[in-house]
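Breakdown of the fold
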Amino acid sequence: GAATLLISPKPLPMPAASPDGIALAQTHLDQAAKAVARLQEMLLAEAVTPALDAEVFDLATEQVCRGCPQWRLCWEEEAKVSYEWLKEAAPRILRQQRATRRDLPEAFWSRCHQPRVFLRGVNLAVDRLRASRGRRARLTETRQALAVQYKFLSGYLQDTARRLDTVPTRMAAFTPEIGIHSAGKLGMAVCGDKGAQFAAGDCRYYVLLCDGMGTGLGAAQESENALSILTALLQAGFSPEGALDMLNSFYVLREFGGFSTVDLLELRLDTGRGALYKWGGAPSYVKNRQFARKIGTAGPPPGVGIGGSCQAEVIRLSLQRGETVILMSDGVDGEEVQQKIASFQEDSPKALAKYLVASASGEEDDRTAAAIRLRPIGSFT
């Protein structure tokens, strides 16, 4: 048997997966999905204990007042009055980030033997409390970012389990025609914008444009990293929402955040419909004959935060009648770009992308334009 493996000119055929094997794999994937979902629930349920205003006085009272002759009067006989004075002053001290003699009544200071030392202790506690609150805020955001990753990983495992025993039946009715053109700042060879297009199965087709912050090698590396992460996730079967949220949570967890915008166009080659996911990129356009319509608004890139307004803008599209979608970096965008797109006469996405980059006035920045349309299969026009 070993000799046969060594001399055989062809690889041995692999046995087909049995129904029992598929069922077992589905069970394992479902169990893993439930385990990851449980991790997400536990992570979100573990609340971060908030800092109390009273903590600003704990250090001073323990280190300064404990050895004072007035301890018995202030913190035993008239403890209720002392606590009320401190409780009333705490919010004001925290707002101004510093304690002064004016923050507490004169009745308090009249019996305090070490007012300067007490204030020094309170201000030290204010500094510690501010740092503690910053750490708690970062910890909360970190847990939210991890919970997002757990959520979509659980959903991905469940979807994979369901797809094991299904056979795709969709047939492509359209084929994409794409033109992508780039130019570096002031003619530089390295461009900080990166684009890609690829099929991902089940009649799904993607076009990506990432604009790294700045220019040169640093910007190119940022956009290339974002592009590679999104491409891998989409080809693995993640939804666009899941892939973008995974990228955003990764940026949030990273010490220096994220520095690349994202335009993600998903097209269905069976229906001619699609969706554009915009996160921080320059406005995009849809061209139909002699008319161009602006879509999307510029905003902050991924990595700013979790939830709320920190998510991609989603624009539903139809390219069934020959419409062309134009994605561009901010180096191409300008006041006259909409008119340039509307009046362009050539029937070629490649020519349109090249024209927009060549005619852009912002040569002090990297420039990239991508033009995409769908042609019905069998059409000769």
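Refer to the preceding data block for the structure.
Scope of this entry: the structure provided in the associated data block. Note that the structure is a prediction, hence the values are computed from the model and not measured.

**Digging into the packing of helix α7 (residues 115-163) against helix α9 (residues 240-253)**
Relative to each other, α7 and α9 sit at 150°, their axes nearing to 9 Å. When the axes of α7 and α9 are compared, the pair comes out roughly antiparallel. Like other packed secondary-structure pairs, α7 and α9 cross with a definite hand, here left-handed. Residue-level inspection shows Glu 141, Thr 142, Ala 145, Leu 146, Val 148, Gln 149 and Phe 152 of α7 in contact with α9, the latter providing Glu 241, Gly 242, Asp 245, Met 246, Ser 249, Phe 250, Val 252 and Leu 253. Broken down by class, the residue content of the contact of α7 with α9 amounts to eight nonpolar, four polar and three charged.

**Observations regarding helix α8 (residues 216-235)**
Residues spaced three or four apart along an α-helix point in a common direction, a consequence of the helix completing one turn every 3.6 residues. Taking 1.5 Å per residue, 20 residues should reach 28 Å; α8 reaches 28 Å between its end C-alpha atoms and fits that length. Three or more residues of α8 are buried, namely Gly 216, Ala 219, Ala 220, Glu 222, Ser 223, Ala 226, Leu 227, Leu 230, Thr 231, Leu 233 and Leu 234. As for α8, its buried residues are in contact with β2 (193-199), β3 (204-212), α9 and β4 (260-268). Trailing α8 by a residue or two, Gly 237 shows a phi angle of about 110°, which is positive.

**Observations concerning the environment of Ile 341**
Checked against the element boundaries, Ile 341 lands in helix α10 (residues 337-343). Of the residues examined, Ile 341 reaches a relative accessible area of 0% and is grouped as buried. It is 8.3 Å that separates the C-alpha atoms of Ile 341 and Gln 290, two residues lying 51 residues apart in sequence. Among residues more than four places away in sequence, those in contact with Ile 341 are Tyr 285, Lys 287, Ala 292, Ile 326, Met 328 and Leu 356.

**Some remarks on empty space enclosed by the protein**
It is a probe the size of a water molecule, rolled over the atoms, that shows where empty space is left. Inspection of every chain in the model, using the stated rule, returns one cavity of 30 Å³ or more. In this model, the largest cavity occupies a volume close to 120 Å³. Taken together, 13 residues form the lining of the largest cavity, with Cys 65, Cys 68, Cys 74, Trp 75 and Cys 112 sitting closest to its centre. For the lining of the largest cavity, the secondary structure elements donating two or more residues are α3 (55-65) and α4 (71-77). The leading source of residues in the lining of the largest cavity is α4, at three residues.

**Structural notes on the pattern of salt bridges**
Within this structure, the stated rule accounts for 11 salt bridges. Note that Arg 98 and Asp 127 form a salt bridge whose closest N and O atoms lie 3.7 Å from each other. Here Asp 127 lies in helix α7 and Arg 98 lies in the loop between α5 (79-96) and α6 (106-110), a separation of 29 residues in the sequence. Using a relative accessible area of 37% as the deciding quantity, one classes Arg 98 as partly exposed. Two residues, Glu 177 and Arg 375, come together in a salt bridge whose shortest N-O distance is 2.9 Å. You can see Glu 177 sitting in strand β1 (residues 174-183) and its partner Arg 375 sitting in strand β10 (residues 367-376), a full 198 residues away along the chain. Look at the salt bridges and you will find they share partners, linking Glu 177, Asp 347, Arg 373 and Arg 375 into a network.

Calculation rules
Residues numbered from 1 in each chain as written. Predicted model: local features only at pLDDT ≥ 70, side-chain atom pairs only at ≥ 80, totals over all residues. Heavy atoms only, no water. Axes fitted to C-alpha atoms, helices over the stretch in contact; angles between N-to-C directions. Helix = DSSP H or I, 4+ residues; strand = E, 2+ residues; numbered from the N terminus. Parallel < 35°, antiparallel > 145°, perpendicular 65-115°, else oblique. Left-handed = near helix turned anticlockwise from the far one by under 90°. Contact = heavy atoms within 4.5 Å. Nonpolar A, V, L, I, M, F, W, Y, C, P; charged D, E, K, R; others polar. Expected span 1.5 Å × (residues − 1). Buried < 20%, exposed > 50% of the residue type's maximum accessible area, 1.4 Å probe, protein only. 1 Å grid on protein atoms, 1.4 Å probe; cavity = no way out; pocket = protein on both sides within 12 Å on 5 of 7 lines; lining within 4 Å. Points joined across faces, edges and corners; volume = space filled by probe spheres on them. Salt bridge = Lys/Arg side-chain N within 4 Å of Asp/Glu carboxyl O.

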